[in-house]
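# Commentary on secondary and tertiary structure
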Amino acid sequence: MLLKQAFSPLVDLIYPPRCPLCGEGISEQRGLCLSCWSELVIPGEPSCATCQRPLGVDAGEGDGMICAACMAAKPRHDGITAATIYNDTSRKLILAFKHGRKIALAKMLARQITARLPELEGEWLVMPVPLHRLRLWQRGFNQSALLAGEIARLTDQTLLVDGLDRKKPTPALGGLGRKERARVLSGAITTNAKHAYRLKGAQILLVDDVMTSGATSDACIKALRKAGAGTVRIACFARVLDEAL
Ligand SMILES: [Zn+2]
Ligand SMILES: [Zn+2]
């Protein structure tokens with residue numbers, strides 16, 4: 001939060017209002033041009049009742065349909081909210097956000113996520129997927145923490161930025177199989193002992209920028225459940241829907 005506040009005026013100064021993806025001039029700093037907007041893919045209906053994965057239109061109608069992945073293994077999470085389906089445009093947007101230091105994009109991405117969230121009844125803790133401190137030091141900010149901060153503000157819920165801790169740096173998980181990913185992540189993510197009392201029985205919104213295989217969020221949820229967390233929903237900007245994963 002503090003980082004965001006510190007950077008924001010600087011960002012506005014360095015980047016005049018242009019579409020962060022194609023450079024087209026726009027009226028407002030925190031948006032995209034129309035043609036880039038139209039390239040974003042919003043998850044459609046019908047969708048899986050458990051993980052909200054869009055199902056084909058020929059999947060039939062009615063509530064309670066479950067996708068093949070959830071059918072094969074009951075997921076740890078209690079639902080996934082994705083603002084977009086991962087594609088070239090959302091990838092570029094995330095890259096601009098992550099590596100272009102366009103922290104102002106956090107507001108825009110968080111608005112897109114929040115718009116698709118179900119109503120958060122009662123009290124929720126909004127928690128980012130943690131970044132290892134080495135990575136944090138290299139990048140200067142945790143992109144998921146920025147999103148979580150904005151989502152907490154927009155939903156009037158509580159941000160818990162350091163409820164989870166990434167104990168060891170993990171390599172990119174791309175190209176690894178399901179078992180390999182779980183092995184690499186094993187013990188990498190734990191809860192922060194000083195917040196243990198807040199996690200017990202808590203409703204948690206776990207925030208990530210991109211959800212790829214779900215292995216990382218799964219490791220987070222495993223740690224949260226161990227700490228006694230109740231409901232854990234995932235919220236991300238872009239969800240990769242690749243059956244090959
Ligand atoms: Zn554009
Ligand atoms: Zn599902």
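All values reported here derive from a predicted model rather than from experimental measurement. Each chain has its residues counted from 1, following the order in which its sequence is written. The order in which chains are written sets their letters, starting at A; the order in which ligands are written sets their numbers, starting at 1. The predicted origin of the model limits local features to residues at a pLDDT of at least 70 and limits the giving and counting of side-chain atom pairs to 80 or more, whereas totals for whole chains, interfaces and linings rest on all residues.

## Observations regarding the overall build of the protein chain
In terms of regular secondary structure, the protein chain is built from ten helices and seven strands. Counted over contacts in the protein chain with a minimum sequence separation of 6, partners at least 24 positions apart contribute 72%. Where helices and strands are cited, they refer to DSSP runs of H or I of at least four residues and of E of at least two residues respectively, numbered from the N terminus. Residues are defined as contacting one another if the C-beta atoms placed from their backbone atoms lie within 7 Å.

## What to know about the pairing of strand β2 (residues 124-128)
As a rule, residues whose C-beta atom has 12 or fewer other C-beta atoms within 10 Å are exposed, those with 20 or more are buried, and those in between are partly exposed; C-beta atoms are placed from the backbone. Counting buried positions over the five residues of β2 gives five, a clear majority of the element. Here β2 shows two buried faces, one formed by Trp 124, Val 126 and Pro 128 and the other by Leu 125 and Met 127. Summarising the sheet, β2 and strand β6 (residues 203-211) pair through five bridges and their orientation is parallel. Its bridge partner lying in β6, Val 126 is registered against Leu 205. Strands are labelled as partners when DSSP assigns at least two bridges between them.

## What to know about the packing of helix α5 (residues 105-116) against helix α7 (residues 143-155)
For the pair α5 and α7, interaxial distance at closest approach is 9 Å and the crossing angle is 55°. Considering the angle they form, α5 stands oblique to α7. For the crossing formed where α5 meets α7, the hand is right-handed. Between α5, through Ala 106, Lys 107, Leu 109, Ala 110, Arg 111, Ile 113 and Thr 114, and α7, the contact on the second element is made entirely by Leu 146, Leu 147, Glu 150, Ile 151, Leu 154 and Thr 155. As a working rule, the residues Ala, Val, Leu, Ile, Met, Phe, Trp, Tyr, Cys and Pro are called nonpolar, Asp, Glu, Lys and Arg charged, and the rest polar, with Gly in that last group. Residues belonging to the contact of α5 with α7 are distributed by class as follows: eight nonpolar, two polar and three charged. Where helices are involved, their axes are fitted lines through C-alpha atoms of the stretch in contact, as for all axes, and angles between N-to-C directions lie from 0 to 180°. Every angle not falling under 35 degrees, over 145, or within 65 to 115 is termed oblique; those three ranges are roughly parallel, roughly antiparallel and roughly perpendicular. The handedness criterion is simple: a crossing whose near helix is rotated anticlockwise from the far helix by less than a right angle is left-handed, and one whose near helix is rotated clockwise is right-handed.

## Brief notes about the nonpolar core
Each nonpolar core reported here comprises buried Ala, Val, Leu, Ile, Met, Phe, Trp, Tyr and Cys residues connected via C-beta atoms within 7 Å. If you look at the biggest cluster of nonpolar residues, it comprises 53 residues, and the most contacted ones within it are Val 126, Leu 147, Ile 151, Ile 204, Leu 206 and Val 207. Looking at this core, the elements that each hand over two or more residues are β1 (80-85), α4 (88-99), α5, β2, α7, β6, α10 (215-226) and β7 (232-239). Those residues within four positions of Val 207 in sequence are excluded, and the remaining contacts are Val 126, Met 127, Pro 128, Val 129, Ser 144, Leu 147, Ala 148, Ile 151 and Ala 235.

## Some thoughts on unusual backbone geometry
Pro 46 follows Glu 45 through a cis peptide bond whose omega is 0°. Tracing the backbone shows Pro 46 in the loop between α2 (34-37) and α3 (68-72). Located in the positive-phi region is Gln 52, a residue other than glycine, with phi close to 65°. Tracing the backbone through its elements, the reader meets Gln 52 in the loop between α2 and α3. Look at Gln 52 and you get buried, because 21 C-beta atoms sit within 10 Å. The residue Asp 156 is not glycine, and still its phi comes out positive at about 60°. Looking at where Asp 156 falls in the secondary structure, it is placed in the loop between α7 and β3 (158-159). A residue is classified by how many C-beta atoms lie within 10 Å of it, and Asp 156, with 8 of them, is exposed.

## Overview of α5
For an α-helix, 3.6 residues make a turn, and residues three or four places apart therefore share a direction. An ideal rise of 1.5 Å per residue puts 16 Å on twelve residues; α5 measures up with 17 Å between its terminal C-alpha atoms. Buried within α5 we find Leu 105, Ala 106, Lys 107, Leu 109, Ala 110 and Ile 113. How far a helix is expected to stretch is found by multiplying one less than its residue total by 1.5 Å.

## Observations concerning the sheet that holds β3
Pairing is parallel across the open sheet formed by five strands, whose spatial order is β1-β7-β6-β2-β3. Edge positions in the open sheet fall to β1 and β3, since each of these has one partner strand only. Here β6 pairs with β7 via seven bridges, running parallel. Across the sheet, residue Leu 206 finds its bridge partner in β7, namely Ile 234. Where α5 meets the sheet, its contacts fall on β1 and β7, and the angle it forms with β1 comes to roughly 125°. Those strands touched by α7 are β2, β3, β6 and β7, and its axis lies near 130° from that of β6.

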